[in-house]
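Chain by chain, the residues run as shown.
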Amino acid sequence: MRNDGTGNFTNVTAGSGMHLWSGSSIEWTAHDFNNDGWIDIGGGG
Amino acid sequence: MTFTSQSGGPGNHAVGDMDSDGYLDVCNGSGYQRNNGGNNKWLRVNLVGTLSNRDAIGARVTITSALGTQIRDIRSGDGFRYMSFIGAHFGLGNDEVIEELSIRWPHGEVEVFTDVPVNAPFTVVEGITTGLVEAAETSIALYPNPAMDAITIGNPGVNARYEVLDAAGKLVLEGSNANGRISVTELLPGAYLMRTTENGAVKQARFTKL
(Lines give C-alpha, C1' and ligand atoms only; values in the text may rest on other atoms or scores of the structure.)
Protein backbone atom coordinates (compact mmCIF):
# COMPACT_ATOMS: atom_id res chain seq x y z
CA MET A 1 0.00 0.00 0.00
CA ARG A 2 1.66 3.20 -1.15
CA ASN A 3 1.07 6.19 1.10
CA ASP A 4 0.59 9.35 -0.93
CA GLY A 5 1.36 11.49 2.11
CA THR A 6 -2.16 12.75 2.58
CA GLY A 7 -3.57 9.71 4.33
CA ASN A 8 -4.55 7.84 1.17
CA PHE A 9 -3.15 4.46 0.23
CA THR A 10 -3.01 2.83 -3.18
CA ASN A 11 -2.63 -0.90 -3.65
CA VAL A 12 0.55 -1.33 -5.70
CA THR A 13 1.05 -5.05 -5.02
CA ALA A 14 0.29 -6.18 -8.57
CA GLY A 15 3.47 -6.38 -10.60
CA SER A 16 5.68 -5.36 -7.68
CA GLY A 17 7.11 -8.84 -7.11
CA MET A 18 5.43 -9.08 -3.73
CA HIS A 19 2.44 -10.65 -5.49
CA LEU A 20 4.60 -13.71 -6.18
CA TRP A 21 5.04 -14.41 -2.48
CA SER A 22 3.11 -17.54 -1.52
CA GLY A 23 4.09 -17.86 2.13
CA SER A 24 2.41 -16.46 5.17
CA SER A 25 4.95 -15.03 7.55
CA ILE A 26 4.65 -14.13 11.20
CA GLU A 27 6.91 -11.21 10.57
CA TRP A 28 8.53 -9.25 7.79
CA THR A 29 12.03 -7.92 8.14
CA ALA A 30 12.82 -4.80 6.17
CA HIS A 31 16.46 -3.77 5.81
CA ASP A 32 18.83 -2.87 3.03
CA PHE A 33 20.75 -6.12 3.03
CA ASN A 34 22.69 -5.52 -0.18
CA ASN A 35 23.41 -1.84 0.50
CA ASP A 36 22.03 -0.71 -2.85
CA GLY A 37 20.03 2.07 -1.24
CA TRP A 38 16.72 0.23 -1.49
CA ILE A 39 15.03 -1.62 1.34
CA ASP A 40 14.71 -5.39 1.02
CA ILE A 41 11.96 -7.41 2.66
CA GLY A 42 12.44 -10.81 4.26
CA GLY A 43 9.75 -13.18 5.44
CA GLY A 44 9.12 -16.88 5.98
CA GLY A 45 7.94 -18.38 2.73
CA MET B 1 9.02 -0.08 -6.46
CA THR B 2 9.57 -3.72 -7.34
CA PHE B 3 10.95 -6.71 -5.51
CA THR B 4 12.70 -9.82 -6.79
CA SER B 5 12.12 -13.03 -4.89
CA GLN B 6 15.14 -14.75 -3.35
CA SER B 7 15.09 -18.00 -1.44
CA GLY B 8 16.92 -18.67 1.78
CA GLY B 9 16.52 -15.15 3.05
CA PRO B 10 15.73 -14.16 6.58
CA GLY B 11 12.38 -14.57 8.26
CA ASN B 12 12.09 -13.28 11.79
CA HIS B 13 15.60 -12.78 12.99
CA ALA B 14 17.72 -10.34 14.88
CA VAL B 15 19.42 -8.14 12.32
CA GLY B 16 22.81 -6.53 12.75
CA ASP B 17 26.25 -6.36 11.27
CA MET B 18 27.81 -9.09 13.43
CA ASP B 19 31.11 -9.15 11.55
CA SER B 20 31.37 -5.37 11.03
CA ASP B 21 31.87 -5.61 7.28
CA GLY B 22 29.13 -3.07 6.57
CA TYR B 23 26.57 -5.62 5.46
CA LEU B 24 23.72 -6.67 7.71
CA ASP B 25 23.74 -10.24 8.97
CA VAL B 26 20.96 -12.12 10.70
CA CYS B 27 20.73 -14.63 13.50
CA ASN B 28 17.89 -16.66 14.88
CA GLY B 29 18.40 -18.82 17.94
CA SER B 30 21.57 -20.74 17.22
CA GLY B 31 21.39 -19.97 13.50
CA TYR B 32 23.61 -17.28 12.04
CA GLN B 33 23.54 -16.20 8.42
CA ARG B 34 26.46 -14.09 7.41
CA ASN B 35 25.90 -11.61 4.61
CA ASN B 36 28.58 -12.17 1.97
CA GLY B 37 28.60 -8.48 1.22
CA GLY B 38 29.53 -6.77 -2.01
CA ASN B 39 30.93 -3.55 -3.38
CA ASN B 40 28.08 -1.19 -2.50
CA LYS B 41 28.83 1.67 -0.15
CA TRP B 42 27.17 2.05 3.22
CA LEU B 43 26.90 4.25 6.28
CA ARG B 44 26.05 3.35 9.82
CA VAL B 45 24.99 6.05 12.25
CA ASN B 46 25.26 5.36 15.96
CA LEU B 47 23.56 7.86 18.23
CA VAL B 48 24.39 8.70 21.84
CA GLY B 49 21.68 10.74 23.49
CA THR B 50 22.56 13.21 26.24
CA LEU B 51 19.50 15.41 26.67
CA SER B 52 17.42 12.72 24.98
CA ASN B 53 17.41 9.12 26.12
CA ARG B 54 20.80 7.42 25.94
CA ASP B 55 19.90 5.17 22.99
CA ALA B 56 18.18 8.03 21.13
CA ILE B 57 15.05 5.94 20.63
CA GLY B 58 12.65 8.13 18.71
CA ALA B 59 15.35 9.95 16.75
CA ARG B 60 15.03 10.35 13.00
CA VAL B 61 18.15 10.10 10.85
CA THR B 62 17.97 11.47 7.32
CA ILE B 63 20.71 11.34 4.68
CA THR B 64 20.90 12.75 1.19
CA SER B 65 23.18 11.37 -1.51
CA ALA B 66 22.97 11.11 -5.30
CA LEU B 67 20.48 8.26 -4.86
CA GLY B 68 18.14 10.60 -3.05
CA THR B 69 16.96 10.96 0.53
CA GLN B 70 16.77 8.07 2.95
CA ILE B 71 15.20 8.08 6.40
CA ARG B 72 15.63 5.82 9.40
CA ASP B 73 13.78 6.07 12.67
CA ILE B 74 15.56 4.73 15.73
CA ARG B 75 13.25 2.18 17.26
CA SER B 76 13.56 -0.47 19.91
CA GLY B 77 11.81 -3.79 20.06
CA ASP B 78 10.12 -3.65 16.68
CA GLY B 79 10.63 -7.32 15.94
CA PHE B 80 8.96 -10.49 17.14
CA ARG B 81 11.09 -12.17 19.82
CA TYR B 82 14.31 -10.59 18.65
CA MET B 83 16.17 -7.41 19.37
CA SER B 84 17.99 -6.06 16.35
CA PHE B 85 20.83 -3.59 16.07
CA ILE B 86 19.46 -0.21 17.15
CA GLY B 87 21.48 2.19 15.02
CA ALA B 88 20.66 3.59 11.59
CA HIS B 89 22.07 1.58 8.68
CA PHE B 90 22.03 2.96 5.15
CA GLY B 91 22.95 1.34 1.86
CA LEU B 92 24.36 3.80 -0.64
CA GLY B 93 24.82 1.86 -3.87
CA ASN B 94 27.72 3.50 -5.68
CA ASP B 95 27.39 6.82 -3.87
CA GLU B 96 30.58 7.92 -2.16
CA VAL B 97 29.39 11.35 -1.09
CA ILE B 98 26.80 12.03 1.57
CA GLU B 99 25.75 15.59 1.00
CA GLU B 100 23.92 15.90 4.26
CA LEU B 101 23.19 13.90 7.36
CA SER B 102 20.63 15.31 9.74
CA ILE B 103 19.52 14.01 13.09
CA ARG B 104 16.31 15.06 14.74
CA TRP B 105 16.73 14.06 18.37
CA PRO B 106 13.78 12.99 20.50
CA HIS B 107 14.41 16.06 22.63
CA GLY B 108 13.58 18.23 19.62
CA GLU B 109 16.80 19.74 18.36
CA VAL B 110 18.21 19.03 14.90
CA GLU B 111 21.90 18.58 14.12
CA VAL B 112 23.24 18.59 10.57
CA PHE B 113 26.52 17.18 9.28
CA THR B 114 28.14 17.37 5.86
CA ASP B 115 31.12 15.52 4.38
CA VAL B 116 30.27 12.34 6.23
CA PRO B 117 32.65 9.51 5.25
CA VAL B 118 31.07 6.37 3.77
CA ASN B 119 31.91 2.74 4.55
CA ALA B 120 32.43 3.54 8.19
CA PRO B 121 30.45 3.91 11.37
CA PHE B 122 29.61 7.49 12.30
CA THR B 123 28.92 8.12 15.96
CA VAL B 124 27.16 11.28 17.04
CA VAL B 125 26.90 12.43 20.63
CA GLU B 126 23.86 14.64 21.05
CA GLY B 127 24.70 18.31 21.37
CA ILE B 128 28.16 18.13 19.81
CA THR B 129 27.33 20.78 17.20
CA THR B 130 25.24 22.95 19.47
CA GLY B 131 27.92 23.05 22.12
CA LEU B 132 25.76 21.62 24.86
CA VAL B 133 28.22 18.88 25.71
CA GLU B 134 31.44 20.79 25.25
CA ALA B 135 33.73 19.99 28.10
CA ALA B 136 33.08 21.90 31.26
CA GLU B 137 36.06 21.88 33.56
CA THR B 138 33.92 22.39 36.58
CA SER B 139 30.36 21.74 37.38
CA ILE B 140 28.09 23.86 39.50
CA ALA B 141 25.44 22.77 41.94
CA LEU B 142 21.88 23.60 40.96
CA TYR B 143 18.85 23.14 43.14
CA PRO B 144 16.08 22.27 43.05
CA ASN B 145 16.59 20.19 39.93
CA PRO B 146 14.17 19.67 38.25
CA ALA B 147 12.99 23.21 38.88
CA MET B 148 9.51 24.66 38.62
CA ASP B 149 9.59 28.38 39.45
CA ALA B 150 13.14 29.22 40.40
CA ILE B 151 16.58 27.66 40.56
CA THR B 152 19.49 28.42 42.84
CA ILE B 153 23.16 28.14 41.94
CA GLY B 154 25.00 26.56 44.81
CA ASN B 155 28.45 28.06 44.58
CA PRO B 156 28.65 31.20 42.49
CA GLY B 157 30.85 34.15 43.28
CA VAL B 158 29.24 37.52 43.72
CA ASN B 159 30.66 38.69 40.40
CA ALA B 160 29.57 35.63 38.46
CA ARG B 161 27.47 36.08 35.36
CA TYR B 162 25.04 33.39 34.38
CA GLU B 163 23.59 32.25 31.09
CA VAL B 164 20.88 29.70 30.43
CA LEU B 165 20.94 27.90 27.08
CA ASP B 166 18.17 25.76 25.69
CA ALA B 167 18.64 22.41 23.94
CA ALA B 168 19.40 24.11 20.65
CA GLY B 169 22.17 26.14 22.26
CA LYS B 170 20.16 29.35 22.17
CA LEU B 171 20.58 31.87 24.97
CA VAL B 172 17.27 32.16 26.80
CA LEU B 173 18.22 33.83 30.10
CA GLU B 174 21.19 35.79 31.36
CA GLY B 175 22.15 38.00 34.22
CA SER B 176 24.73 38.90 36.81
CA ASN B 177 25.10 38.34 40.51
CA ALA B 178 24.00 34.81 40.07
CA ASN B 179 23.85 34.12 43.75
CA GLY B 180 20.32 33.90 44.92
CA ARG B 181 17.31 32.54 43.17
CA ILE B 182 16.88 32.82 39.43
CA SER B 183 13.35 32.77 38.15
CA VAL B 184 12.71 30.16 35.48
CA THR B 185 8.97 30.57 35.28
CA GLU B 186 9.20 31.89 31.72
CA LEU B 187 11.11 28.88 30.41
CA LEU B 188 9.25 26.18 28.56
CA PRO B 189 9.50 22.70 30.06
CA GLY B 190 12.64 20.92 28.92
CA ALA B 191 16.36 20.51 29.44
CA TYR B 192 18.66 23.51 29.83
CA LEU B 193 22.26 24.32 30.45
CA MET B 194 23.24 26.80 33.17
CA ARG B 195 26.64 28.37 32.60
CA THR B 196 28.39 30.74 34.96
CA THR B 197 31.43 32.86 34.23
CA GLU B 198 33.56 34.48 36.86
CA ASN B 199 37.02 35.91 36.24
CA GLY B 200 37.23 33.86 33.06
CA ALA B 201 36.37 30.58 34.77
CA VAL B 202 33.41 28.82 33.18
CA LYS B 203 31.31 26.37 35.13
CA GLN B 204 28.17 24.70 33.95
CA ALA B 205 25.51 22.14 34.75
CA ARG B 206 22.33 20.89 33.20
CA PHE B 207 18.91 21.23 34.72
CA THR B 208 15.38 20.39 33.83
CA LYS B 209 12.48 22.80 33.87
CA LEU B 210 9.18 21.12 34.67
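Anything mentioned here points back to the structure above.
Residues numbered from 1 in each chain as written. Chains lettered and ligands numbered in written order. Predicted model: local features only at pLDDT ≥ 70, side-chain atom pairs only at ≥ 80, totals over all residues.

Asks: Explain the overall build of chain A to me, using residue names and the numbers behind them.
Replies: What chain A contains, in helices and strands, is zero helices and four strands. The order of α-helices and β-strands along chain A, N terminus first, is β-β-β-β. Put simply, chain A has 45 residues, and 16% of those count as buried. (Helix = DSSP H or I, 4+ residues; strand = E, 2+ residues; numbered from the N terminus. Buried ≥ 20, exposed ≤ 12 C-beta atoms within 10 Å, placed from the backbone.)

Asks: Give a description of the interface of chain A and chain B that names residues and reports values.
Replies: Taken residue by residue, the interface counts 21 residues in chain A and 28 residues in chain B. Of all the secondary-structure elements, those providing two or more residues to the side of chain A that touches chain B are β3 (28-31) and β4 (40-43) of chain A. Here the element with the most residues in the side of chain A that touches chain B is β4 of chain A; it accounts for three residues. (Contact = placed C-beta atoms within 7 Å.)

Asks: Give me the sheet that holds strand β7 (residues 88-93) of chain B: which residues, what numbers.
Replies: In sheet architecture, strand pairing relies on hydrogen bonds along the backbone and comes in two forms, parallel and antiparallel. Residue and element names in this part refer to chain B. The strand order across the open sheet formed by three strands is β7-β4-β10, and the pairing between neighbours is mixed. Because the sheet does not close on itself, it has two edges, and the strands there are β7 and β10 (120-125). The sheet shows a mean angle of 20 degrees between the axes of neighbouring strands, taken without regard to direction. When strand β4 (residues 41-48) meets β7, the two strands line up antiparallel, connected through five bridges. Opposite V45, over in β7, you have A88 as the bridge partner. (Pairing = 2+ DSSP bridges. Axes fitted to C-alpha atoms, helices over the stretch in contact; angles between N-to-C directions.)

Asks: Tell me about the environment of A120 of chain B, residues and numbers included.
Replies: Considering the arrangement of structural elements, one finds A120 of chain B in strand β10. In this structure the C-alpha to C-alpha distance between A120 of chain B and R44 of chain B, which are 76 residues apart in sequence, comes to 6.6 Å.

Asks: Tell me about unusual backbone geometry, and name the residues and values.
Replies: Residue and element names in this part refer to chain B. The step from Y143 to P144 runs through a cis peptide bond, and the omega angle for that step is -10 degrees. Mapped onto the secondary structure, P144 falls in the loop between β12 (142-143) and β13 (150-153). A cis amide bond links N145 to the next residue, P146, at an omega of 10 degrees. Structurally, P146 can be placed in the loop between β12 and β13.

Asks: Could you give me a rundown of the nonpolar core, with the residues and numbers involved?
Replies: One broad trend across soluble globular proteins is that nonpolar side chains are buried collectively. All names here are of chain B. Core analysis: the largest hydrophobic core is formed by 18 residues, its most contacted members being L43, V45, L47 and A59. Of all the elements in the fold, those that place two or more residues in this core are β4, β5 (60-65), β7, β8 (100-104) and β10. Every residue in contact with L47, bar those within four places of it in the chain, is listed here: A56, A59, I74, G87, I103 and V124. Among the nonpolar cores identified, the runner-up in size contains 14 residues, and I153, V164, V184 and L193 belong to it. (Core = buried A, V, L, I, M, F, W, Y, C linked by C-beta atoms within 7 Å.)

Asks: How would you summarise the sheet that holds β12 of chain B if you had to cite specific residues and measurements?
Replies: Residues and elements named next belong to chain B. In spatial order, the strands read β12-β13-β16; together these three strands make up an open sheet with antiparallel pairing. Edge strands, defined here as strands with exactly one partner in the open sheet, are β12 and β16 (181-183). Relative to β16, β13 runs antiparallel, the two sharing three bridges. Looking at β16, one finds that I151 is bridged to I182.

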